[in-house]
Amino acid sequence: MSYTRLLYHIVFRPRNSVPAISTEHEEKLYRYIWGFIKNKGGVLYRIGGMPDHIHLLVQLPPTQSLSGFVHDLKLGTHKFMREHTEEFPRFESWGKSYCALTCSESAKDIVTDYIKNQKTHHRKTSFRDELMALLCENGIDVEMKYFLQE
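Okay, so let's go over this structure. The model shown is predicted, which means the values in this text are computed figures rather than measured ones. Numbers given for residues are sequential positions, taken from 1 along each chain in its written order. With pLDDT at 70 or above as the cut-off, local features in this predicted model cover only qualifying residues; side-chain atom pairs require 80 or more to be listed or tallied, and sums for whole chains, interfaces and linings still use all residues. By convention in this description, side-chain values take in all heavy atoms of the structure and omit both hydrogens and water.

## Some points on the packing of aromatic side chains
Thought 1: Only Phe, Tyr and Trp rings are paired, with Trp represented by its six-membered ring, and only when their centres lie within 6.5 Å; those with planes under 30 degrees apart are stacked, over 60 edge-to-face, the remainder tilted. Inspection of the entire model under this criterion finds 5 aromatic pairs.
Thought 2: Both rings, one in Y32 and one in F80, keep their centres 4.6 Å apart while their planes meet at 20 degrees; by these two values the pair is stacked. Of this pair, Y32 sits in helix α1 (residues 26–39) while F80 sits in helix α2 (residues 66–83), and the two are 48 residues apart along the sequence.
Thought 3: Taken together, the ring pairs in this structure connect F12, F91 and W94 into an aromatic cluster. Each helix is a run of DSSP H or I of at least 4 residues and each strand a run of E of at least 2, with the numbering of both proceeding from the N terminus.

Given below as structure tokens:
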């Protein structure tokens with residue numbers, strides 16, 4: 001028997017950070033994502049974001065690779081948003097990159113609150129600054145010539 005608890009804080013954005021996720025329709029997209037995660041055998045603890053990016057706190061099963069999950073999630077949500085162009089008229093595609101950070105059980109509530117308070121957080125902080133801080137806090141070296149480039 002294997003014992004795993006694979007928690008990830010995942011952040012991704014529309015290509016070129018286009019504000020394509022309207023506040024009035026974000027819940028529709030978030031419900032789709034919740035169903036997608038459930039169908040993959042995962043657990044969604046929190047979802048939130050802004051018109052130009054999404055944060056997830058998700059538990060993935062050990063049979064699901066992180067890169068495969070994000071790839072499939074982007075494909076599925078791309079199709080969903082293109083089928084709902086009235087709600088997401090500015091959406092064209094997702095950016096190529098994403099951020100995925102492991103999360104310990106002891107930090108789960110902190111990350112959950114962080115995601116929950118995105119709208120308040122971004123009154124003071126840009127997405128660019130937020131992502132840079134997350135990467136640096138987690139010991140990820142950032143090559144500036146590739147940062148937020150498509």
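Here the narrative resumes.
## Topic: the environment of L44
Thought 1: Assignment of secondary structure puts L44 in strand β2 (residues 43–50).
Thought 2: L44 sits 36 residues away from Y8 along the chain, and the two C-alpha atoms are 9.9 Å apart.
Thought 3: Apart from the residues within four sequence positions on either side, L44 is in contact with W34, I37, L56 and L57. Contacts between residues were defined by any pair of non-hydrogen atoms, one from each residue, lying within 4.5 Å.

## Brief notes about the pattern of salt bridges
Thought 1: Definition used for salt bridges: Asp or Glu carboxyl oxygen within 4 Å of a side-chain nitrogen of Lys or Arg. Counted by the stated rule, this structure contains 7 salt bridges.
Thought 2: A salt bridge links E87 to K28; its shortest N-O distance comes to 2.7 Å. In this pair, E87 sits in the loop between α2 and β4 (99–102) while K28 sits in helix α1, placing the two residues 59 residues apart along the sequence.
Thought 3: Of the residues examined, E87 reaches a relative accessible area of 17% and is grouped as buried.
Thought 4: Ionic pairing is found between K108 and E105, a salt bridge with its closest N-O pair at 3.7 Å.
Thought 5: By relative accessible area, K108 is classed as buried at 15%. Classification of residues uses two cut-offs on accessible area relative to the type maximum, computed with a 1.4 Å probe and protein chains only: under 20% is buried, over 50% is exposed, and between them is partly exposed.

## Topic: the sheet that holds strand β1 (residues 6–12)
Thought 1: Taken in spatial order, the 4 strands of this open sheet run β2-β3-β1-β4, and their pairing is antiparallel. Lying at the two open borders of the sheet, with one neighbouring strand each, are β2 and β4. Neighbour-to-neighbour, the strand axes of this sheet turn through a mean angle of 15 degrees, independent of strand direction.
Thought 2: The pairing of β2 with strand β3 (residues 53–60) spans 7 bridges and is antiparallel. Its bridge partner being in β3, G48 is matched across the sheet by H55. At least two bridges found by DSSP between two strands is the condition for calling them paired. A fitted line through C-alpha atoms represents every axis, and for helices the fit uses only the stretch in contact; the resulting angles, taken between N-to-C directions, go from 0 to 180 degrees.

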